[in-house]
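# Structural features, examined
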Amino acid sequence: MDPMGVIHGRFQMLHKGHMEYLLAGLERCHYLLIGISNPDAATTRFTSANPHRSLPLSNPLTYFERFQMIQGALLEAGVAREHFDVVPFPINCPQLLFNYVPREAKYYMTIYDDWSLEKKATLESLGCDVEVMWQRSNAEKFTSGTEVRRRILEGLPWQELVPPFTYRYVTEHHIDQRLCVMAAQAKAQDQQ
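The sections below set out a description of the structure shown in this document.

Cut-off values and rules
All residue numbers refer to position in the chain's written sequence, counted from 1. pLDDT decides what is reported in this predicted model: residues at 70 or higher carry local features, side-chain atom pairs at 80 or more are listed and counted, and totals for whole chains, interfaces and linings draw on all residues regardless. Only hydrogens and water are removed before side-chain values are computed, so all heavy atoms of the structure are retained for them. Any two strands between which DSSP finds at least two bridges are classified as paired. Working definition: helices are DSSP H or I runs of at least four residues, strands are E runs of at least two. Numbering for both runs from the N terminus. The axes used here are C-alpha line fits, helices contributing only the stretch in contact, and every angle between their N-to-C directions lies in the interval 0 to 180 degrees. We call two residues in contact when some of their heavy atoms are within 4.5 Å. Geometric relationships in this document are graded by angle, where less than 35 degrees denotes roughly parallel, more than 145 denotes roughly antiparallel, 65 to 115 denotes roughly perpendicular, and other angles denote oblique. Each helix crossing is assigned a hand: it is left-handed if the near helix lies turned anticlockwise from the far helix by less than a right angle, otherwise right-handed if that turn is clockwise. All residues other than Ala, Val, Leu, Ile, Met, Phe, Trp, Tyr, Cys, Pro, Asp, Glu, Lys and Arg, Gly among them, are scored as polar; the first ten of these are nonpolar and the last four charged. By this rule, a helix spans an expected 1.5 Å times one less than how many residues it contains. Each residue gets one of three labels from its accessible area relative to the maximum for its type: buried under 20%, exposed over 50%, partly exposed in between, using a 1.4 Å probe on protein chains only. Each nonpolar core is a collection of buried residues, namely Ala, Val, Leu, Ile, Met, Phe, Trp, Tyr and Cys, held together in the definition by side-chain atoms within 4.5 Å. What counts as a salt bridge is simple: a side-chain nitrogen of Lys or Arg found within 4 Å of a carboxyl oxygen of Asp or Glu. Here a crossover is taken to be right-handed if, once the strands point away from the viewer, the path from the first strand over the helix to the second is traced clockwise.

## Observations concerning the sheet that holds strand 1 (residues 2-9)
Neighbouring strands of a sheet are bound in pairs by backbone hydrogen bonds; such pairs are parallel or else antiparallel. With respect to topology, 5 strands assemble into an open sheet ordered 3-2-1-4-5, the strand pairing being parallel. Of all strands in the sheet, those with a lone pairing partner are strand 3 (84-88) and strand 5 (129-135), marking the two edges. Each adjacent strand pair in this sheet contributes to an overall mean axis angle of 30 degrees, direction not counted. Examined bridge by bridge, strand 1 and strand 4 (residues 106-111) share 2 bridges and lie parallel to one another. The partner of G5 across the bridge, within strand 4, is K106. Contacting strand 2 (29-36) and strand 3, helix 2 (residues 63-76) crosses the sheet at an angle of about 165 degrees to strand 3. Lying on the sheet, helix 3 (residues 114-125) is in contact with strand 1, strand 4 and strand 5; it crosses strand 4 at an angle near 160 degrees.

## Quick notes on the packing of helix 1 (residues 16-28) against helix 2
The N-to-C vectors of helix 1 and helix 2 enclose an angle of 65 degrees; their axes lie 11 Å apart at closest approach. Comparing the axis directions of helix 1 and helix 2 gives the class roughly perpendicular. Crossing handedness for the pair helix 1 and helix 2: right-handed. In this structure, helix 1 contributes M19, L22, L23 and L26 to the contact, and helix 2 contributes I70, A73 and L74. Its residues placed into classes, the contact of helix 1 with helix 2 shows 7 nonpolar, no polar and no charged.

## Details of helix 1
Helical periodicity: at 3.6 residues per turn, an α-helix aligns residues three or four positions apart in one direction. Compared with the 18 Å implied by 1.5 Å per residue over 13 residues, the 19 Å span of helix 1 between its first and last C-alpha is a close match. All buried positions along helix 1 are accounted for by G17, H18, M19, Y21, L22, A24, G25 and L26. Packed against the buried residues of helix 1 are strand 1, strand 2, helix 2, strand 3, strand 4 and strand 5.

## Considering the nonpolar core
Within the largest apolar cluster, 36 residues are counted, with the highest numbers of intra-cluster contacts made by I7, F11, L14, L22, I34, I70 and L74. Counting residues per element, the ones that place at least two in this core are helix 1, strand 2, helix 2, strand 3, strand 5, helix 4 (145-153), helix 5 (164-172) and helix 6 (175-191). Beyond its immediate chain neighbours, meaning those up to four positions away, I34 contacts I7, F11, L22, I70, L74, F84, D85, V86 and V87.

## Thoughts on the pattern of salt bridges
Under the counting rule described, the total for this entry stands at 11 salt bridges. Notably, a salt bridge pairs D85 with R81, separated by 3.3 Å at the nearest N-O pair. Judged by relative accessible area, which is 26%, R81 ranks as partly exposed. The salt bridge partner of D129 is K106, with a shortest N-O separation of 3.4 Å. Residue D129 is located in strand 5, and its partner K106 is located in strand 4; the two are separated by 23 residues in the primary sequence. Its relative accessible area of 42% is what places D129 among the partly exposed residues. Overlapping salt bridges, with partners in common, bring together E147, R150, R151, E154 and E160 in one network.

## Notes on the packing of helix 2 against helix 5
The contact between helix 2 and helix 5 brings their axes to 8 Å, and the two run at 145 degrees. Between helix 2 and helix 5 the crossing geometry is right-handed. Each of F64, E65, Q68, M69, G72, A73 and E76 in helix 2 lies in contact with helix 5, whose residues at this interface are P164, F165, T166, R168, Y169 and V170. Class assignment of the residues belonging to the contact of helix 2 with helix 5 gives a composition of 7 nonpolar, 3 polar and 3 charged.

## A word on the pairing of strand 5
Bridge count between strand 4 and strand 5: 6 bridges; the pairing is parallel. Looking at strand 5, one finds that K106 is bridged to D129. In terms of handedness, the path from strand 4 via helix 3 over to strand 5 forms a crossover that is right-handed.

What follows is the structure, encoded as structure tokens:
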């Protein structure tokens, strides 16, 4: 096992596919740093490899909300708190990464698309030791944050796509309602 691993994602609704990814990372190291990419609007950037990732409607949750969801879901899954921490991971501003994570850790990734390959190349160019845990097509994903958000916006069931903690957190904090308001505002703005 590696002494320290780093894993990252936007987690713009923490879903069961994310949990598979996080738990696989935890199995590979004694201590896992979970990096939240697009931690704030200042470090969110457009990428042609995955254009929707930079849109406000694709990033409705704050860093703190995602931190809370990750921590709560992992604790609920029985992971001991001393085995992980959650930190910002501004992959779109690579010059900032080592303010949050150590260069000498092992960087775990999964590959699904061109954006995954672009992030891998970025980390390797910084001298990071990258381990690809698996490579799958987008069609092989359990779900995506996009799908969870789509179902919320369309009033469809989404509870089965996320860990129980995520569902409770989102509904108790009215994040689902906020997402619907954001979508309505974006639609109105587009019509102007």
